[in-house]
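Notes for the structure review
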Amino acid sequence: MNVTSTTERQTKYCQSIEETLHFLGHATNAELLNNLQLTYPDLSATTVHRATARLASRGKIAIAPTDNSGSMRYDANIKPHDHFQCSVCGRLHDTDIKDKIIPILESTIDGCSISGQLLVTGACKKCTKGYKK
Ligand SMILES: [Zn+2]
Ligand SMILES: [Zn+2]
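Report follows, based on the coordinates. Here the residue numbers are simple positions, counted from 1 along each chain's written sequence. As they are written, the chains are lettered A onward and the ligands numbered 1 onward, keeping that order. For a predicted model such as this one, the threshold for reporting local features is a pLDDT of at least 70, and the threshold for listing and counting side-chain atom pairs is 80 or more; totals across whole chains, interfaces and linings nevertheless cover every residue. Remark: hydrogens and water are excluded; side-chain values derive from all non-hydrogen atoms of the structure.

**Details of the sheet that holds strand β2 (residues 62-64)**
- We treat two strands as partners when DSSP finds at least two bridges between them. Per the convention used, a helix needs a DSSP run of H or I reaching at least four residues, while a strand needs a run of E reaching at least two, with both numbered from the N terminus. An order of β1-β3-β2 is seen for the three strands of this open sheet, with the pairing classed as antiparallel. In the strand order of this sheet, the two ends are held by β1 (26-28) and β2, each with one partner. When strand polarity is set aside, the average angle formed by the axes of neighbouring strands in this sheet is 40°.
- Bridge count between β2 and strand β3 (residues 73-75): three bridges; the pairing is antiparallel. All axes are obtained by fitting lines to C-alpha atoms, using only the stretch in contact for helices, and the reported angles, taken between N-to-C directions, cover 0 to 180 degrees.

**Some thoughts on the layout of surface pockets**
- Looking at the largest pocket, its volume works out to about 220 Å³.
- Cavities and pockets were defined on a 1 Å grid built from protein atoms only: a cavity is a group of points that admits a 1.4 Å probe but offers it no way out, a pocket is an open group of points flanked by protein on both sides within 12 Å along at least five of seven lines, and a lining residue is one with an atom within 4 Å of any such point. Along its surface, the largest pocket is lined by Leu24, His26, Glu31, Asn35, Arg73, Cys89, Gly90, Arg91 and Leu92.
- In terms of residue class, the lining of the largest pocket is built from three nonpolar, three polar and three charged.
- Two domains each donate at least three residues to the lining of the largest pocket, and these are domain 1 (3-75) and domain 2 (82-128). Grid points are joined across faces, edges and corners, and a volume is the space filled by probe spheres set on the points. Residues are grouped as follows: Ala, Val, Leu, Ile, Met, Phe, Trp, Tyr, Cys and Pro are nonpolar; Asp, Glu, Lys and Arg are charged; every other residue, Gly included, is polar. Throughout, the edges of the domains are those of an automatic or database domain assignment.

In structure tokens, the structure reads:
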């Protein structure tokens, strides 16, 4: 029986998952699994699920808006930021529109104070290409 090797393997997976998320920017557990299985063919969905939950609870990664099918998605960028999500391909882009948008919203909606992250949706550059004149 070797307890240490199991822990070491978990730590290795945790690091790889974190690195893969940094590479992808935003990803669901399924996307992380698909990516990591190229390196670790016997990596299970449960391991990825547990590792991302643990990384998120430690504040190493953040929770991003869900993808177009409603799957939970993680964010490598742990600083508060806004998102643009493409409704066509589902890609998520980091953006910082809060400083520009909030004063407009607050002056329009009388007396309100807006906080939290903004999520703007539409079609990304790639997806609008060809549809525009
Ligand atoms: Zn798109
Ligand atoms: Zn993000």
